[in-house]
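Observations on chain architecture
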Amino acid sequence: MARTEALARVEQMYINGFPDAATATVEDLRAAYDALLLQFALPDGVEPVERVVAGVPVRYVTAVGARTDKVLVWFHGGGYVLGSAKGFQELGHTLSRAAGVTVALPDYRRAPEDKFPAAVDDGVAVLAELIATHGAGNVAVGGDSAGGGLTLAALTAVRDRGTELPTAAVFISPLLDFTASGASVDVYDGKDIAVSRGSIGNLREAYLQGHDPRDPLASPVFADLHGLPPALFLVGSGEVLLDDSNRAAFAITEAGGTASVSTYDDMVHVWPLFSSILPEGIEAADEIGAFLQKLLVV
């Protein structure tokens, strides 16, 4: 399938994959999102394993030949409202294959049933326990969209506890600012088919339920980002959330850390979810894999 055909197909999946948000229930939207992603099956012979870590259900996905003593903790997207570990298992497999490590997908608590900071509390608990179990040098962490925001928030919270941090962090199209103050919000609002100023506002209402959106654990672009592990941000060039990545990477480097942003031309929000049909998804996963292999010493 040609690049333009594949991208057009993915765009239509985003546009047609959800019921009308004005009339659908949260459960309807969750089911639609999982169905959209579960159409991409895992390879034969790859069987996820369910465990509980720090009281949180976690789905482990290991590609053929990948190591089980090196772990990438991956927080799924969905605006803290949608998404599930099962729905994101194919992305987990894509990253496991690329990095050669096991991917652990936590089913952290979601809003509106469990408002902020429930997701952060779960993320911190899982990350801390897996670091204690495997050793910081054998653990990396990452997330996409809201899962990227959860990743950055959890990293700052674990750091402030004074405990060891994972060896690397990866972010795909992260949602890091519930105030929607990045310049790219206005530039691409109405052009980005997946995220808009309005959708950020809806998610903010569901997740924060009146809490200050500038709280660094809710919008970690406002956090003190010193002392974090090397970070890689991947984002589409026309995304509403483009400046979330650029501002966070700048803040990390200004604080003495290491961070880089890879911008992929014209890619939709979290395009590696569609690696089965989109070549740029594989390209991004391979970039992540190379980054992690250097730091995890796979």
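Now for a look at the structure at hand. (Residues numbered from 1 in each chain as written. Predicted model: local features only at pLDDT ≥ 70, side-chain atom pairs only at ≥ 80, totals over all residues. Heavy atoms only, no water.)

Helix and strand content of the protein chain: nine helices and eight strands. The globule rule puts the C-alpha radius of gyration for 298 residues at 19 Å, and the 17 Å found for the protein chain is close to it. With the C-alpha coordinates aligned to their principal axes, the bounding extent of the protein chain is approximately 45 × 45 × 35 Å. Here the protein chain, with 298 residues, has 56% of them falling under the buried criterion. Contacts in the protein chain between residues at least 24 apart in sequence constitute 79% of all its contacts with a sequence separation of at least 6. (Helix = DSSP H or I, 4+ residues; strand = E, 2+ residues; numbered from the N terminus. Rg over C-alpha atoms; globule rule 2.2 N^0.38 Å. Buried < 20%, exposed > 50% of the residue type's maximum accessible area, 1.4 Å probe, protein only. Contact = heavy atoms within 4.5 Å.)

Moving on to the pattern of salt bridges. Applying the stated rule across the entire model yields ten salt bridges. Arginine 30 is paired through a salt bridge with glutamate 113; the nearest N and O atoms lie 2.8 Å apart. Taken together, the residues span a long stretch of sequence, with arginine 30 in helix H2 (residues 26–38) and glutamate 113 in the loop between strand S4 (101–106) and helix H4 (118–134) at a distance of 83 residues. Among the residues examined, arginine 30 registers a relative accessible area of 5% and is labelled buried. Between arginine 67 and aspartate 69 there is a salt bridge, with the nearest N and O atoms lying 2.7 Å from each other. (Salt bridge = Lys/Arg side-chain N within 4 Å of Asp/Glu carboxyl O.)

Taking 1.5 Å of rise per residue, 16 residues should cover 22 Å, and helix H5 (residues 146–161) covers 23 Å from first to last C-alpha, within 8% of that figure. Where H5 ends, the next residue or the one after it, glycine 162, has phi of about 85 degrees, a positive value. (Expected span 1.5 Å × (residues − 1).)

Right, let's talk about the pairing of strand S5 (residues 139–144) for a bit. Taken across its six residues, S5 has six buried, putting it largely inside the fold. Burial along S5 is two-sided: the face carrying Val139, Val141 and Gly143 and the face carrying Ala140, Gly142 and Asp144 are both buried. Across five bridges, the pairing between strand S3 (residues 67–75) and S5 is parallel. Of the residues in S5, the one forming a bridge with valine 73 is valine 141. In this structure, S5 lies alongside strand S6 (residues 169–172), joined through four bridges in parallel fashion. Bridge pairing in S6 places valine 141 opposite alanine 169. Regarding topology, H5 serves as the crossover connection from S5 to the parallel S6, and that connection is right-handed. (Pairing = 2+ DSSP bridges. Right-handed = clockwise from strand over helix to strand, strands pointing away.)

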